[in-house]
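As a plain string of letters, each chain reads:
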Amino acid sequence: MAGLTAMEKKLAEYKCNTNEAIQLKLVRFPEDLEDDNTTFNPEYSHQVFGDDEVAFGYKGLKILLYYIAGNLSTLFRIEYTSKVNEKFDCVEADDVESKIREIIPPGFCTNTDDFVSLLEKEVNFKPFGVLLHTYSIHNEEAGEDITYQIYKADMTCPGFREYHERLQTFLMWFIETASFIDVDDERWNYFLVFEKYNKDGATLFATVGYMTVYNYYVYPDKTRPRVSQMLILPPFQGEGHGAQMLETVHRYYMSSPTVLDITAEDPSENYVKLRDFVLVKLCQDLLCFSPVKLMQGFSQEMVTEAQQKLKINKQHTRRVYEILRLRATNMGDAEQSRSYRLDVKRRLIGPYKKKQRELAKMRRCLRPEEMTNQLNQIDLNLQREQLEESFQQLVSDYRRVLERLAQA
């Protein structure tokens, strides 16, 4: 038993955390290859390496996935200081290379010289599709404004299919439940963000992020675009590119008379906060959201105007109303504060009211002892506490949206 324990301890030394082992880069210059500051790691690797996010059989494992910043040509290499089957008989290391090959398309480089030679051709890379929007963000470190552009592309653009195959590999590392889409379905739209930068006097483009949107059919003659995937690559996160892209995409669909409204598939918490900011920014100048009308309560006028002019559905319009009404409300005034709190809680109480209606139906068909069991599961005081907690969290989220709006 002692021998087995000693063996287990030795084998445990050959376990590597794959989130740490995988090293990603977006390479613009040859010197970036040796610069640790340009390296970033995945947030997730469970979809490739299992729930434990561990690769067995190596010491000092490094899984290098380096991408040329614009066209995303890839260098893939595995390095390690020791491998378990070099030290122990009958023990096999995980086939790390096969797992990575399953998600990256063929045609990648395996040595640095080939990769650097491709880097020299990067000057020929140009963004795909139609330019929708150009914007600038001031870079404190560089002391200058950096220009970014947003494009809409599709699979008919020469070279885009191969580029997209390389781009979508990032989803596996940064979206928890990512999956690759069927690119042969023509209902997909692709939106891409690029940074313009200078290299030896030439203007080059670096990939910043992208979004995929699926156009669902709505009877009889409308479509409902649904955001499926959205990713800003880590080196560019926190700079406002997500908001720029979402607003640009929204404005693109707003101009189409066949679009009913714009939704999102299984949105994350961060996406909801981003959407709140963008939709409030778009809605705040509509007459139906004037301070006077906000204080009169949520109205059909708001629903109709937001849907017709901005392609926003009723549920999202209600959140916009609550955020803008918070801005118009003096929360230091007892009456205004109470009115706002009751208005929001009337919406939040919906699920509790539904439970009560279900109980009323149960009373007609349950025996007394069964009814008692059901009632025991409903603690009214607990419901009130949960309702207040939900309200306070919502107000906190709304305040952050308003703070960001004030700085925009």
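First things first, this report covers the structure right here in the doc. Predicted model, so just to flag it, every value in this text is computed and none were measured.

This part covers the sheet that holds strand β6 (residues 62-68). Strands pair in a sheet through their backbones, by hydrogen bonds, and they do so in one of two ways: parallel or antiparallel. Strands sit in the order β3-β2-β6-β7 across an open sheet of four strands; the sheet is mixed. The open sheet is flanked by β3 (39-40) and β7 (74-79), the only strands paired with a single partner. Sheet topology note: the strand β2 (residues 22-27)/β6 ladder contains six bridges and is parallel. When the sheet's bridge partners are listed, Gln23 is paired in β6 with Leu64. Strands β2, β6 and β7 of the sheet are contacted by helix α5 (residues 112-119), whose axis makes an angle of about 20° with β6.

Let us look at the pairing of β6. With six of seven residues buried, β6 is to be regarded as a mostly interior element. The pairing of β6 with β7 spans six bridges and is classified as antiparallel. Bridging from a neighbouring strand, Tyr67 pairs with Thr74 of β7. Here β6 folds back onto β7 in antiparallel fashion, the turn holding five residues, of which Leu72 has a positive phi close to 65°.

Moving on, we get to the layout of surface pockets. By volume, the largest pocket amounts to about 1,500 Å³. Listed by contribution, the elements that provide at least two residues to the lining of the largest pocket are β9 (130-139), β13 (222-232), α8 (241-254), α9 (269-283) and α16 (380-407). When its residues are assigned to classes, the lining of the largest pocket shows 20 nonpolar, 14 polar and 11 charged. Quantified by volume, the second largest pocket comes out at close to 880 Å³. Lining the second largest pocket are 29 residues, and of these Arg28, Asn139, Ile146, Glu195 and Phe236 sit closest to its centre. Breaking the lining of the second largest pocket down by element, the ones donating at least two residues are β2, β3, β10 (144-153), β11 (188-199) and β12 (202-218).

Oppositely charged side chains may form a pair once their charged atoms are brought near each other. In the structure shown here, the tally under the stated rule is 19 salt bridges. For Lys293, the salt bridge goes to Glu301, with nearest N and O atoms at 3.0 Å. Lys293 sits in the partly exposed class, given a relative accessible area of 29%. On the basis of relative accessibility, which here comes to 36%, the residue Glu301 falls in the partly exposed class. Of the charged contacts, one joins Arg318 and Asp343 as a salt bridge, the two residues approaching to 3.7 Å between their closest N and O atoms. One end of the pair, Arg318, is in helix α12 (residues 314-328); the other, Asp343, is in helix α13 (residues 334-348), and 25 residues separate them in sequence. The residues Arg318 and Asp343 share a single accessibility class, namely buried. Salt bridges linked by common partners bring Arg318, Glu322, Arg325, Asp343, Arg346 and Arg347 together as one network.

The rules behind these values
- Residues numbered from 1 in each chain as written.
- Predicted model: local features only at pLDDT ≥ 70, side-chain atom pairs only at ≥ 80, totals over all residues.
- Heavy atoms only, no water.
- Pairing = 2+ DSSP bridges.
- Helix = DSSP H or I, 4+ residues; strand = E, 2+ residues; numbered from the N terminus.
- Contact = heavy atoms within 4.5 Å.
- Axes fitted to C-alpha atoms, helices over the stretch in contact; angles between N-to-C directions.
- Buried < 20%, exposed > 50% of the residue type's maximum accessible area, 1.4 Å probe, protein only.
- 1 Å grid on protein atoms, 1.4 Å probe; cavity = no way out; pocket = protein on both sides within 12 Å on 5 of 7 lines; lining within 4 Å.
- Points joined across faces, edges and corners; volume = space filled by probe spheres on them.
- Nonpolar A, V, L, I, M, F, W, Y, C, P; charged D, E, K, R; others polar.
- Salt bridge = Lys/Arg side-chain N within 4 Å of Asp/Glu carboxyl O.

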